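Overview (structure and organization)
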Amino acid sequence: MARSVMLSKLCSSYGAFLAASSSLGSRISFSSSYKVLFLYTWYLWPTELCGESSQFFFVAFPFLFLVKDMQSMLQQESSGDWDSLGFGLVETDFMYFMRSSSDGTFSKGELLPFGPIQLNPSSAVLNYGQGLFEGLKAYRKEDGSILLFRPEENALRMIAGAERICMPAPTVEQFLDAVKQTVLANKRWIPPAGKGSLYIRPLLVGSGPVLSLVPASEYIFLIYVAPVGNYFKEGLAPINLIVEEGYHRATPGGTGGIKTIGNYASVLKAQKIAKEKGYSDVLYLDSVHKKYLEEVSSCNVFVVKGNAISTPATKGTILPGITRKSIIDVATSKGYQVEERLVSVEELLEADEVFCTGTAVVVSPVGSITYLGKRMEYGNNGVGVVSQELYSSLTSLQMGLVPDNMGWTMQLQ
Ligand code: COI
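The shown structure was predicted, so the numbers you read here are calculated from the model rather than taken from an experiment. (Residues numbered from 1 in each chain as written. Predicted model: local features only at pLDDT ≥ 70, side-chain atom pairs only at ≥ 80, totals over all residues. Heavy atoms only, no water.)

This next bit is on the overall build of the protein chain. In terms of helices and strands, the protein chain carries 12 helices and 17 strands. Residue burial in the protein chain is summarised as follows: out of 413 residues, 48% are buried. Counting only contacts in the protein chain whose residues sit at least 6 apart along the sequence, the fraction spanning at least 24 positions is 70%. Total accessible area on the protein chain stands at roughly 19900 Å², and carbon and sulfur atoms take up 57% of it. (Helix = DSSP H or I, 4+ residues; strand = E, 2+ residues; numbered from the N terminus. Buried < 20%, exposed > 50% of the residue type's maximum accessible area, 1.4 Å probe, protein only. Contact = heavy atoms within 4.5 Å. Areas by Shrake-Rupley, 256 points an atom, 1.4 Å probe, with all protein chains shown as cover.)

So, about the packing of aromatic side chains. Throughout the structure, instances matching the rule amount to 9 aromatic pairs. With centroids separated by 6.0 Å and ring planes inclined at 70°, the aromatic side chains of Phe114 and Tyr224 adopt a geometry described as edge-to-face. Within this pair, whereas Phe114 is found in the loop between strand 2 (110–113) and helix 5 (124–128), its partner Tyr224 is found in strand 7 (residues 219–228), the two being separated by 110 residues in sequence. Here a set of aromatic residues connected by ring pairs shows up, and it is made of Phe87, Tyr199, Tyr231 and Phe232. (Phe/Tyr/Trp six-rings, centres within 6.5 Å; stacked < 30°, edge-to-face > 60°.)

By nearness alone, every residue bordering the ligand is listed as Phe87, Phe133, Gly135, Tyr199, Arg201, Tyr231, Lys259, Ser298, Thr359 and Ala360. At 2.5 Å from an oxygen atom of the ligand is found a side-chain nitrogen or oxygen belonging to Tyr199. A distance of 2.8 Å separates an oxygen atom of the ligand from a polar backbone atom of Ala360. Relative to its unbound accessible area of 290 Å², the ligand is 90% covered by the protein chains. A breakdown of the residues in the shell around the ligand according to their chemical character gives 5 nonpolar, 3 polar and 2 charged. Counting the residues that make up the shell around the ligand, at least three belong to each of domain 2 (83–228) and domain 3 (239–261 + 269–398). (Near = heavy atom within 4 Å. Polar contact = N/O pair within 3.5 Å; in protein donor to acceptor, adjacent residues only side chain to side chain. Nonpolar A, V, L, I, M, F, W, Y, C, P; charged D, E, K, R; others polar. Domains from an automatic or database assignment.)

Bringing helix 6 (residues 151–164) into the picture now. The end-to-end C-alpha separation of helix 6 is 20 Å, in line with the 20 Å expected for 14 residues at 1.5 Å each. One or two steps after helix 6, the chain reaches Cys166, where phi turns positive at roughly 55°. (Expected span 1.5 Å × (residues − 1).)

Counting 34 residues, the largest nonpolar core has Val183, Ile200, Leu204 and Phe221 as its most contacted members. Elements represented by at least two residues in this core include exactly strand 1 (94–99), strand 4 (136–140), strand 5 (146–149), helix 6, helix 7 (172–185), strand 6 (197–206) and strand 7. Of the residues forming this core, the biggest block, 6 residues, is contributed by helix 7. Discounting residues that sit within four places of it in the chain, Phe221 has contacts with Tyr96, Phe97, Met98, Phe106, Met158, Pro170, Phe175, Ala178, Pro202, Leu203 and Leu204. Ranked by size, the runner-up nonpolar core spans 23 residues in total, among them Leu241, Cys299, Val301 and Val366. (Core = buried A, V, L, I, M, F, W, Y, C linked by side-chain atoms within 4.5 Å.)

Of all 6 residues making up strand 11 (residues 300–305), 5 are buried, and the element is well covered by its neighbours. In this structure, strand 11 lies alongside strand 14 (residues 353–358), joined through 5 bridges in antiparallel fashion. Within strand 14, the position partnered with Asn300 by the bridge is Thr357. With antiparallel pairing between neighbouring strands as the criterion, strand 11 and strand 12 (residues 308–312) make up a hairpin whose turn holds 2 residues, including Gly306 at a positive phi of roughly 60°. (Pairing = 2+ DSSP bridges.)

All right, on to the pattern of salt bridges then. Within this structure, the stated rule accounts for 14 salt bridges. Its salt-bridge partner being Glu340, residue Arg324 comes within 2.7 Å of it at the nearest N-O pair. One end of the pair, Arg324, is in helix 10 (residues 322–333); the other, Glu340, is in strand 13 (residues 337–341), with 16 residues separating them in the sequence. Judged by its relative accessible area of 42%, Glu340 falls in the partly exposed class. One salt bridge in this structure joins Glu347 and Arg341, with 2.9 Å as the shortest N-O distance. A residue is classified by how much of its surface remains accessible, and Glu347, at 27% relative accessible area, is partly exposed. Taken together, the shared-partner salt bridges in this structure form one network comprising Arg150, Glu153 and Lys325. (Salt bridge = Lys/Arg side-chain N within 4 Å of Asp/Glu carboxyl O.)

Functional significance is not addressed by these values, which are geometric in nature.
Following this line, the structure appears as structure tokens:
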């Protein structure tokens, strides 16, 4: 009898615990719930069935782990989790959501719990790919304050992209306000200093229904965030690229120069083939002469020869990367001769170093490039001196480790 009363009390207490933990947004881990189950079992177990010494072992260990879990939950940190961050989606607490009115202006944005959104099956983004995305990062400094890196550049790039595919866009002020609100609402997900960053993903999509090929009559601007570490599985180690001859990323007059979602779907096939062959990613050539470097699937590319650093000029087929632009300025300020021009694939044979830049990849050194079956190697199996220098300069600035003489960071608190 005592046991059935105890069991029903146990079940209801445990149910209450699970309900409470799910309303906390799963902040308490599943293993913690086992620890609590142990505690309740001990608490409700008739004493005659359990001697003093076994009680101690029954409760002491789970209790210690539980306290540790609660502590990390309250501190909003978990060293284990931060250490294993890659570039995958970790769902966070809130997303920003704002709909355009029929006149194309945006207003009444709000923070909502992160989760699925409703889209009309005939929305322009689902049917014709009328959509853009952005990517930027927030970093936590040692003193706990938060830094955004050049967010107004993303706002401006979204406005330019929206114009190209006939969409209205939020103003720079609306964009910045939305980014700040989303980051602050998800503050607990920003990794501690040196452990990664919070990747911020703004989206602008045609949500209005269409059937014929016309721009949507309504748009959604949305931002979600996720804590991230290194983009490539190689971490900070040099990546291995293959030059793609059959597939191209962009064509003159197309949309290669804006961050439209379709640009990324179109490289998946070449990327998949390259990865199956063991390469990290693909380096694309121009689609007209099939001779000049364009981009890597998710980032811009730079070639170093002596004191000269060259990168393909942004003439419509190249994404005007914000990290690209920042590296050009940092390298110039360090005395390198930076050239934005046509860079021939043949130059890879003579190059001292090659590196990629992007918000997600930051500055990623290239260890080898394979072209027409010939493998060219850089950096003597390590990170090249110039790549390392530029990586360190840029990331110190982004993380607030050095004074920001460029005026690129925006402090949130
Ligand atoms: C970024 O670097 O932010 C990008 O948008 C590239 C994406 C494929 C992760």
